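As a plain string of letters, each chain reads:
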Amino acid sequence: MCSVRPALFLLLLILSWLPASLAAATFPCKPCAGIRLETPVPEQVPSLENTPATAPDTAPETPAIQPATPAPVSPDALAPLLRQAGRLEPGSPLYFAWEVPLSGEGSAPAAALNDLREAGGTPWLSLVFRTPAPLAQNSDRLQAELRATASLAGQTPKGTWFQVVWRPEGAEEAEFNPAEYGFLLKRAAVTLTGAKADVLVATQGLPVDVKAIEALYDQEIAAYIEAVALKPGLEGSHALSIEAIQRLDPGRPVVLDSLPLPADPGDVLAQAAHQAARGIDLTLFDTPSIPLPSLYPFVVLAREFKGDLSYDPSSAPTGTPHAWVFVRGEDLGLRVIARTPEGAGDLVLDFRDPGLRRPTRFPYTPGQVAPPSGELTETGLRLRVSDPGRVAVLGIERATAEEREGVAEKVNVASQREMPVEEILRRLQAFEDAQERKLNYYRATNTTHLRFQPAAGSQTVEATLQGPFFFAKTGSDWAWESLYVNGVKWRGKTLPEIPLIQPEKAAALPLQIYFTKQYRYRLRGTEKIDGRDAWVVDFAPAGPGAPGKLYQGTVWVDREIYARLRTRAVQVGLEGEVISNEETMHYSPIDAQGNPAAWSAQSYILPLRLVAQQILSVVNSTTVVERETLLSEVRINDPEFGSRRSQVASSDVTMVRDTERGLRYLVKDDAGERVVKEGYDANKLFLLGGVFYDDALDFPLPLGGVNYLSLDFRGRGNQLNVFFAGALLTANLAQPRLFGSKFDFGGSAFALAVPFDDTLFRGDEESVQEAVSLRTGNVGLKIGRPLGNFVRLGLEYEALFFNYGDAEDTADDFVIPSDNVTHSFELTSSFSRAGYGLLARGSYNLRSAWDFWGLPGNTEYDPEAEDFLRWELRASKNWYLPRFQKVGAEIDYVGGSDLDRFSKYQFGFFGGTRVHGYQSNRVRAEEALATHLTYGFEIGEFLRLDAVADAAWATDELAGLDNELLAGVGLAGTFIGPWQTIVNLDVGVPVAGPDDGFVLYVVFLKLFR
């Protein structure tokens, strides 16, 4: 039994949105480089001689800058200087390092750090601790510096690196102490992590000494750091140290800290490449000042050498002894840094790889450079670079399938093959990369429909949010200007805080799938999508993966321009209340004004429609949430983007932002600035009031009470829902992740103090002398588990309490049924996808007592009916039309074994197979096939009406029903009442069958908090 109708209960469940955050790669580039400001130049620096490029410890000779009259650069000036040097994406792998004393003398202002990140740089803060040794005896001083560390970490943007440097006061030249420094490193790392969960921590520059490194790792510091930094040393001295680090801590990135900045910008590239070939993941070049020309090579590295690249000495060309080749994992394209031999004119490079094509040259100084010319040879590709300068930076792609076939034809090799999936994906990535370069930001109108419904059934509650949407590469903001509940516009001045249902954040969302080694791919074939020929590529996790971080699904790629047409993905390994998440992106071509455009590389191909489905486990009930998001009135790179966003942010509308942890509210702080609000209010208190009436009651049943819903009861992840209205009580307590597993577990209770009259029809006549008064209640335990992505299996035990008594017209010789406890064991399986719902349910029921009942000679009483079986099948589908119209269809079949009057199916308001207008506890059937049709529409954004038609073909030998038609019609409505209340009404009348009269249900809902 249920005390609150599903539509109202679902409205109470619009209250869960649980995100997750994921970290990116440590150093997403190769070679990686950065600049350190104002660090003393070490006495010993590498002396790099001219030796072959394939030797890992060698590089060309590189003179250092002579800092005769240094002009220090402050952190505030870095962002403007970087913007002059070149346009980079926010948070690009160009690292700027400087020391930050923890005594208050230095600074790392949050504005400067955020500005630097927005300009394309990544801050690297060297925190200088001055607490003298022994640290344990100077804990007060250390605690003060740790407090300063925590304060600083809370102000820094995501991606900032923190380097823990110990320079004890009065002992700056002291020998490195692994035990003391290890203690400090762990304390500082714990403080940083506590202040900011996603911090990145590096060691100070360690001495090039294997024993010192081993001694430090003996302090068990591996779990506290993300990178190990080494000081510069003599050429070749780092090899043993790097080997020791990888032996002690496999895969740990290594940083070369404070290498003198070369005088020639090209030598920065050569040095960075040389260090990467030796096993250095990041090289920080030391300089007291940053001339603008010195920044250009760093910008080139951050832009063109970003991503999954690996040093590949086997691909090095002939023509120069100093060429470093890096191969890109996503498409096997090459990035090359080549030093021009002394006295050479043109730089001629021969690559022993016949699959290379389309060379490109990247300038690292202002002005144009002569592009390279390529010539296919018998063994590969020959490049000629005119006026190469000191260093040339090149990019080389792989041949397309057609080009390779052409080469095969020239050598008279007959070979035909289909395009491999890797080639399709490479072209897709190339298209999206080109679009990303020209699309800086856009604004649009966002309309999102959230439709809540049971696992199977045509009843839904729809919440629609609409407002301006702002997309930028740094993040997306969305304003909620309008809210519609079932198509009825919310009239209040402020919108209620609606926690949108969302799964935890994944590593690669369908909109941003970066096809990496985390996935495997299979070309399934071709298909037409919206009239376009498409490649159909399936993707799935390459291995077990990390829970909740990967997807499986399909991407449809246009065969002409290699843009996405559609992406469908199912998230795997979910945790929390969301047990299933499927999203389908539909892409469309538009121009800069948002008008429909041709499918071409010049158009913007954007996901203007998203259709998603989440399956939730909320207080042991399976709730399906369908989400449809539409973007309209799109404006690409609009000059008014910033002013429009600022205008919306300064208003009082509700705003949210798409963060690493999912959608978060943007609220105003004391200064009126929008800031991200972490978390949401998991506890909601509602006031409910209304009336319920049908002829089974002696009088209309007033409904007045409160509903308390908590999705994190007492902070332990439990879910609690309690509704109390005097004579009516319902309560549910659940744990959606039992002991961290995929099982949900909980209990429920229901009690109704007001008795119902249980009447009986024989033929078409009501037998009033056999009427019974009935009070009931129940308690239950439930456990469930998802099977795959769209199926859930549930098991429930329920104890139902039945108290029988005489009704007003009960015959004197009528024997009242035995009061009893019915033990019910029920197994349920449900399937939900794309608006379709299927449900199968069966139960075994055993009464604690079941003596003779009824008039003398009653033949319906059967002692074998003390235990009985019930089963049910249900299928449903909803279709959503424009202007909040909805068509719903449902078909049910119910049946059982050993059923009697008090265990048969009913068709009243609380029955499992409702027919509108039929009263509770009146008409029963042993078997029935029922259909339900609904058509919903809104009137002037003020009133929502749903026309309902129910029909059931019922069979019951005792009542004389032989596949007899029971039919009823009704109207359900929603409108916004005074004081921001939501009013639901439901009225029904029978039109066929033995019942008459009507049933009325009116209830209002008011959110207190």
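Above this text you will find the structure in question.
Before going into details, it helps to say that this report is about the structure given with it. This is a predicted model, so every value here is computed, not measured.

Criteria and thresholds
Residues numbered from 1 in each chain as written. Predicted model: local features only at pLDDT ≥ 70, side-chain atom pairs only at ≥ 80, totals over all residues. Heavy atoms only, no water. Helix = DSSP H or I, 4+ residues; strand = E, 2+ residues; numbered from the N terminus. Buried < 20%, exposed > 50% of the residue type's maximum accessible area, 1.4 Å probe, protein only. Contact = heavy atoms within 4.5 Å. Areas by Shrake-Rupley, 256 points an atom, 1.4 Å probe, with all protein chains shown as cover. Disulfide = S-S within 2.5 Å. Phe/Tyr/Trp six-rings, centres within 6.5 Å; stacked < 30°, edge-to-face > 60°. Lys NZ or Arg CZ within 6 Å of the ring centre and 35° of its normal. Pairing = 2+ DSSP bridges. Axes fitted to C-alpha atoms, helices over the stretch in contact; angles between N-to-C directions. Patch = residues over 30% accessible without salt bridge, like charges linked within 9 Å, V, L, I, M, F, W, Y side chains within 5 Å. Salt bridge = Lys/Arg side-chain N within 4 Å of Asp/Glu carboxyl O.

Re the overall build of the protein
Here comes step 1: Each helix and strand in the protein was counted, giving twelve helices and 51 strands.
Here comes step 2: A total of 1009 residues make up the protein; the buried ones form 53% of that total.
Here comes step 3: Considering only intrachain contacts with a sequence separation of at least 6, the fraction spanning at least 24 residues in the protein is 65%.
Here comes step 4: By element, 54% of the accessible surface of the protein is carried by carbon and sulfur atoms, the whole surface being about 42,300 Å².

Describing the state of the cysteines
Here comes step 1: A complete count under the given rule lists one disulfide for this structure.
Here comes step 2: A disulfide bridge connects cysteine 29 with cysteine 32, and the sulfur atoms are separated by 1.6 Å. Between cysteine 29 and cysteine 32, the S-S dihedral sits near 120 degrees, and the bridge is therefore right-handed.

Here we look at the packing of aromatic side chains
Here comes step 1: Using the criterion set out here, one finds 25 aromatic pairs in the structure.
Here comes step 2: An angle of 25 degrees between the planes, with centres 4.8 Å apart, marks the rings of tyrosine 442 and phenylalanine 471 as stacked. Residue tyrosine 442 is located in strand β17 (residues 441–454), and its partner phenylalanine 471 is located in strand β18 (residues 461–472); the two are separated by 29 residues in the primary sequence.
Here comes step 3: You can call tyrosine 442 buried: its relative accessible area is 6%.
Here comes step 4: Summarising the aromatic geometry, the rings of tryptophan 850 and tryptophan 853 are spaced 6.5 Å apart at their centres and angled 55 degrees between planes, so their arrangement reads as tilted. Across the pair, tryptophan 853 and tryptophan 850 agree in class, each one buried.
Here comes step 5: Here arginine 451 stacks its cationic end above the ring of tyrosine 880, 3.9 Å away from the centre of that ring.

Remarks on the sheet that holds strand β13 (residues 356–361)
Within a sheet, adjacent strands bond to each other through the backbone by hydrogen bonds, running parallel or antiparallel.
Here comes step 1: Judged by pairing direction, the sheet is antiparallel, and its five strands sit side by side in the order β9-β10-β11-β16-β13 without closing on themselves. Unpaired on one side and paired on the other, β9 (309–311) and β13 mark the two borders of the sheet. When the angles between neighbouring strand axes are averaged without regard to direction, this sheet yields 25 degrees.
Here comes step 2: With six bridges connecting them, strand β11 (residues 334–339) and strand β16 (residues 391–398) associate as antiparallel partners. Across the sheet, the residue bridging to valine 336 is leucine 394, located in β16.
Here comes step 3: Relative to strand β10 (residues 323–328), helix α8 (residues 265–277) is tilted by about 65 degrees, and along the sheet it contacts β9, β10, β11 and β16.

Details of the pairing of strand β36 (residues 744–758)
Here comes step 1: Pairing between strand β35 (residues 728–735) and β36: eight bridges, direction antiparallel. Bridged to leucine 729 within β36 is alanine 751.
Here comes step 2: Bridge count for β36 against strand β39 (residues 772–787) is twelve bridges, and the pairing is antiparallel. In the strand pairing of β39, serine 748 is matched with glycine 780.

Observations regarding a nonpolar patch on the surface
Here comes step 1: There is a patch of nonpolar side chains on the surface, built from Phe825, Tyr844, Leu846, Leu869 and Trp871 and spanning about 430 Å² of accessible area.
Here comes step 2: For the nonpolar patch, the secondary structure elements donating two or more residues are β42 (836–847) and β43 (867–881).

Some points on the pairing of β18
Here comes step 1: Most of β18 sits out of view: ten of its twelve residues are buried.
Here comes step 2: Taken together, the twelve bridges between β17 and β18 define a ladder with antiparallel strand orientation. By the bridge assignment, threonine 447 is partnered in β18 with glutamine 466.
Here comes step 3: Summarising the sheet, β18 and strand β20 (residues 482–485) pair through four bridges and their orientation is antiparallel. Each residue of the ladder has a partner; that of threonine 464, found in β20, is tyrosine 484.
Here comes step 4: Inspection of the sheet shows β18 paired to strand β19 (residues 475–480) by four bridges, in the antiparallel sense. Residue pairing in the sheet places phenylalanine 471 in a bridge with serine 476 of β19.
Here comes step 5: Taking the residues between adjacent antiparallel strands as the criterion, β18 and β19 are bridged by two residues.

From the geometry alone we can't say anything about function, so treat these as descriptive.
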